[in-house]
Amino acid sequence: MTDNIGFSFGRDPVIISSTPRRSLWRSWKQLSRFQRNLMSMVTAIGIVTIIYYWSVLKLGVEPLVEIEKNGLASEPAPVLSNEEHHPQADAQIAQPDHPQDNENNAVMEDWVGQVAPPEDPPNRGVEFPPPSTDRQKAVVDAFMHAWNGYRKFAWGHDHLKPVSGSFKDWFHLGLSITDSLDTIYIMGLKEEFEEAKGWVRDSLKFNTYHEVNLFEVTIRVLGGLLSAYHLSGDRMFLEKATDLGERLLPCFTKSPSGIPYSDINLASQSAHSPKWSPDSSTSEVTTLQLEFRDLSRSTHESKFEDAAFKVSESVHNLPKTDGLVPIFINPNTGQFHSYTDIKLGARGDSYYEYLLKQWIQTGKTIDFLKDDYLEAVEGIKKWLVRRTPKSDLVFIGELKGGTHDFVPKMDHLVCYLPGTLALGYHNGLPEDHLKLALDLMETCYQTYAQRPTFLAPERSSFSIQSRRIVIDLDDIYVNSKDAHNLLRPEFIESLWYLYQITGNTTYQDWGWNIFKAFEKYSKVAHGFTSIGNVNNVTDTKPRDIMETFFLSETIKYLYLLFSNDRKLLDIDRYVINSEGHPLPIRES
């Protein structure tokens, strides 16, 4: 029988039993030692399990996957292309070991060239060594001279005007900053990088009503942000890149053919053709895929890659001239403008570059990209390659739209091709690609060396007459309207590829000669300027503009070229976009 004692608190009575309850401590003491130990162990395991999963699910803490011998937790190794490359003629370059190939390499102090996978939390970034040669240090000094001028007179604007000490805007996106992020990071300029990062975080906005060009903003801004994300590990750059990618997508989705419109307003997201033509440039619509694919891989959102890669698939199915394409395409019809020129210079160049680099970026898994590239190289050799009568210099000409008449002139832009050909050879493509690359390198160098300023013009013309007629004529000559130099990077880029692939230090010496010419004729009080006349050392006609690719490409390639470590930025681990921004190679 139980006696109850009642107490009333407010309106509800509370009944308390008078029967003493059994002591928990007495029950615990009555258990055997084995039973007590077993219950303690189960309770401890339960508590640890609850804490572990609560931290993973609620706080975003990454599960501890692997403990290394030194007691540090390693991050998952990146999935990078592991294809064997073609043996080289001039220097045998061993395929570098990947971290996953060696248990002892799971944690590396200087993980140069490695990129952590696109998972949360973001990757830990890449460490680059400080400059190791006097030439590299000279390039850093040149960069700082240009950067300080930009900081003082043009901070937050697109271009520096280094002669007048002012600025010029194109898209109002701080192009000189976004285009320079990875150059600054690779050079190890920590304070400058933090300052630039702060501007991107706080001031780079995409919701203002400015018309922009899809291609230029993709290679400069989207590519620059993605590269900065992969190299630094700071997820803020990826968030900015994602916002931009979303705003650029209507160029593709609002086009009836899927071939993107060339222009868009980032705020209203109204996409359209340029005012001067209903067409888009072929190179522009086919030079977006590396960046949009990387954005998809980094965000796990397939829509970016899907939209851009459909363009490659559409162009693949269009008729061509032995793999060569006209330089204009119509987004409304999805067809080439067949009566336009065929050339590897402006508006045609990077179509061929991105065929090869997409194939490499996707782990060499998409055959039509390689096949289209190989067909195009054969078309180049058939239709565009010529030799000069005196010096037997190889150059790449153009085909006139409609008639296919040969035009013996070559844009400086074409000097990207030796590097691309060599990269293809490095990845197992035919040996005669390397031979053509080496021949073109000599010609591109002569476009510099034969000018009084040792700077190449924007465009060179070539003699193709019989030897008897051109006894008193030069193989290379420059028309006055083509004599400007814009600080372009293409030849320096090719020098770097050939140096990394062959190990031939002659390419470093060539680059040094060109760097000294920039210092002598393009360096002004507040930076480096484009010049209007490479043919006159006393009247170079400074144009008072410093293009952003001078900081993102020309300076970066010179810095890499002058390193004693040929693989400071390893082409077996990175694919470099058309604006010099490295993106990781991962298997498809």
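Here the structure is shown first, and the text comes after it.
Procedures and definitions
Position labels on residues start from 1 in each chain and follow its written sequence. In view of the model being predicted, local features appear only for residues whose pLDDT reaches at least 70, and side-chain atom pairs are presented and counted only at 80 or more, with totals across whole chains, interfaces and linings using the full set of residues. Only heavy atoms go into the side-chain values, all of them from the structure, while hydrogens and water stay out. Helical segments are the DSSP runs of H or I of at least four residues, strand segments are the runs of E of at least two, and each set is numbered from the N terminus. Contacts: residue pairs with any heavy atoms within 4.5 Å of one another. Residue-level accessible areas treat just the shown protein chains as cover; the underlying method is Shrake-Rupley with a 1.4 Å probe. Here a pair means two rings of Phe, Tyr or Trp (six-membered ring of Trp) with centres within 6.5 Å. Their orientation is stacked below 30 degrees between planes, edge-to-face above 60, and tilted elsewhere. The buried label applies to any residue whose accessible area, calculated with a 1.4 Å probe on protein chains only, is under 20% of its type's maximum; exposed applies above 50%, and partly exposed to all values in between. Lysine and arginine charges are scored as sitting over a ring when NZ or CZ, respectively, is within 6 Å of the ring centre and within 35 degrees of the ring normal. The criterion is simple. A nonpolar core is a set of buried Ala, Val, Leu, Ile, Met, Phe, Trp, Tyr and Cys residues joined through side-chain atoms within 4.5 Å. Each salt bridge in this description consists of a side-chain nitrogen of Lys or Arg and a carboxyl oxygen of Asp or Glu lying within 4 Å of one another. Angles shown run from 0 to 180 degrees and are taken between the N-to-C directions of axes, each axis being a line fitted to C-alpha atoms and, for helices, limited to the stretch in contact. Reported orientations rely on four angle classes, namely roughly parallel under 35 degrees, roughly antiparallel over 145, roughly perpendicular from 65 to 115, and oblique for the rest. Here a crossing is called left-handed whenever its near helix is offset anticlockwise from the far helix by less than a right angle, and right-handed whenever the offset is clockwise. Following the grouping adopted for this structure description, the nonpolar residues are Ala, Val, Leu, Ile, Met, Phe, Trp, Tyr, Cys and Pro, the charged ones are Asp, Glu, Lys and Arg, and the polar ones are all others, Gly among them. Strand pairing is assigned whenever DSSP detects at least two bridges linking the two strands. Expected helix span is taken as 1.5 Å per residue step, with the number of steps being one fewer than the number of residues. A residue's bend is given by the angle between axes fitted to the 7 residues ending at it and the 7 residues starting at it. Whenever two N or O atoms come within 3.5 Å, that pair is a polar contact, provided that in protein one can donate a hydrogen and the other can accept it, and provided that, for residues adjacent in sequence, both atoms are side-chain atoms. Here a cavity is any set of points on a 1 Å grid over the protein atoms alone where a 1.4 Å probe fits but cannot get out, and a pocket is any open set with protein on both sides within 12 Å along at least 5 of 7 lines; a residue lines the site when it has an atom within 4 Å of a point. Grid points are joined across faces, edges and corners, and a volume is the space filled by probe spheres set on the points.

(A) A look at the overall build of the chain. Each helix and strand counted, the chain has 19 helices and 20 strands in total. In the chain, once contacts between residues fewer than 6 apart in sequence are set aside, the share between residues at least 24 apart is 68%. When the accessible surface of the chain is split by element, carbon and sulfur atoms take 51% of a total near 25,700 Å².

(B) Main features of the packing of aromatic side chains. This model, assessed by the stated rule, comprises 25 aromatic pairs. Here Trp496 and Tyr557 contribute two aromatic rings whose centre-to-centre distance is 5.6 Å and whose plane-to-plane angle is 35°, an arrangement assigned as tilted. You can see Trp496 sitting in helix H17 (residues 490–502) and its partner Tyr557 sitting in helix H19 (residues 548–561), a full 61 residues away along the chain. Side by side, Trp496 and Tyr557 carry an identical accessibility label, which is buried. Ring-pair connections join several aromatic residues into one group, and the members of that group are Tyr445, Tyr448, Phe454, Phe491, Tyr507 and Trp510. In this structure, Arg135 packs its charged tip against the face of Phe562, placed 5.8 Å from the ring centre. Positioned over the ring face of Phe406 is Arg386, at 3.9 Å from the centre of the ring.

(C) Layout of the nonpolar core. Core analysis: the biggest nonpolar cluster contains 152 residues, and Leu173, Phe252 and Phe491 have the highest contact counts within it. With 11 residues, helix H7 (residues 214–232) is the single largest residue contributor to this core. Excluding its chain neighbours within four sequence positions, the residues that come into contact with Phe252 are Leu214, Gly258, Pro260, Leu288, Phe292, Ala307, Ala308 and Val311.

(D) Structural detail: the pattern of salt bridges. Considering all chains together, one arrives at 27 salt bridges under this definition. In this structure, Lys556 and Asp182 form a salt bridge, with 2.9 Å as the shortest nitrogen-oxygen distance. Residue Lys556 is located in helix H19, and its partner Asp182 is located in helix H5 (residues 181–187); the two are separated by 374 residues in the primary sequence. Lys556 gets classed as buried once you look at its relative accessible area, which sits at 2%. Glu519 is the partner of Lys523 in a salt bridge, and the nearest nitrogen-oxygen pair spans 3.7 Å. The partly exposed category is assigned to Lys523, whose relative accessible area is 34%. Residue classification places Glu519 among the partly exposed residues on the basis of a relative accessible area of 28%.

(E) Spatial organisation of the packing of helix H6 (residues 190–203) against helix H8 (residues 235–248). At their nearest, the axes of H6 and H8 sit 10 Å apart, and the two run at 40° to each other. As the angle between them shows, H6 and H8 are arranged oblique. Of the two elements, H6 crosses H8, and the hand of that crossing is left-handed. Touching Phe193, Lys197, Val200 and Arg201 of H6 are Met236, Phe237 and Lys240, all from H8. In the contact of H6 with H8, the residues fall into four nonpolar, no polar and three charged.

(F) The arrangement of the pairing of strand E15 (residues 459–462) in detail. With burial as the criterion, each face of E15 is covered, one bearing Arg459 and Ser461 and the other bearing Ser460 and Phe462. Pairing of strand E14 (residues 409–411) with E15 involves three bridges; the strand directions are antiparallel. Looking at the pairing, Lys409 lines up with Ser461 of E15. As paired strands, E15 and strand E16 (residues 476–477) are joined by two bridges and run antiparallel to one another. Looking at the pairing, Ser461 lines up with Tyr477 of E16.

(G) Region of the structure containing H7. The end-to-end C-alpha distance of H7 is 25 Å, a good match for the 27 Å that 19 residues give at a rise of 1.5 Å each. Bending of H7 peaks at approximately 30° at the position of Gly223. Of all the 19 residues making up H7, 19 are buried; the element is thus mostly covered by neighbouring parts of the structure. Near the N-terminus of H7, the side chain that reaches the backbone nitrogen of Phe215, with its oxygen 3.1 Å away, is that of Asn213.

(H) Seen up close, the sheet that holds strand E6 (residues 263–265). Sheet architecture is open: three strands sit in the order E5-E6-E7, paired in antiparallel fashion. Strand pairing shows two members of the sheet lacking a second neighbour, strand E5 (211–213) and strand E7 (270–272), which therefore form its edges. With direction set aside, neighbouring strand axes in the sheet form an average angle of 25°. Here three bridges tie E5 to E6, and the two strands are oriented antiparallel to one another. Each residue of the ladder has a partner; that of Asn213, found in E6, is Asp263.

(I) Geometry of empty space enclosed by the protein. For the structure on display, the rule yields seven cavities of 30 Å³ or more. A volume near 60 Å³ is recorded for the second largest cavity. Around the second largest cavity, the lining residues are Thr286, Ser312, Val315, His316, Tyr351, Tyr354, Leu355, Gln358 and Asp372. Counting residues per element, the ones that place at least two in the lining of the second largest cavity are helix H12 (303–316) and helix H13 (349–361). The greatest single-element share of the lining of the second largest cavity, amounting to four residues, is contributed by H13. Taken together, the residues that form the lining of the second largest cavity break down as four nonpolar, four polar and one charged.

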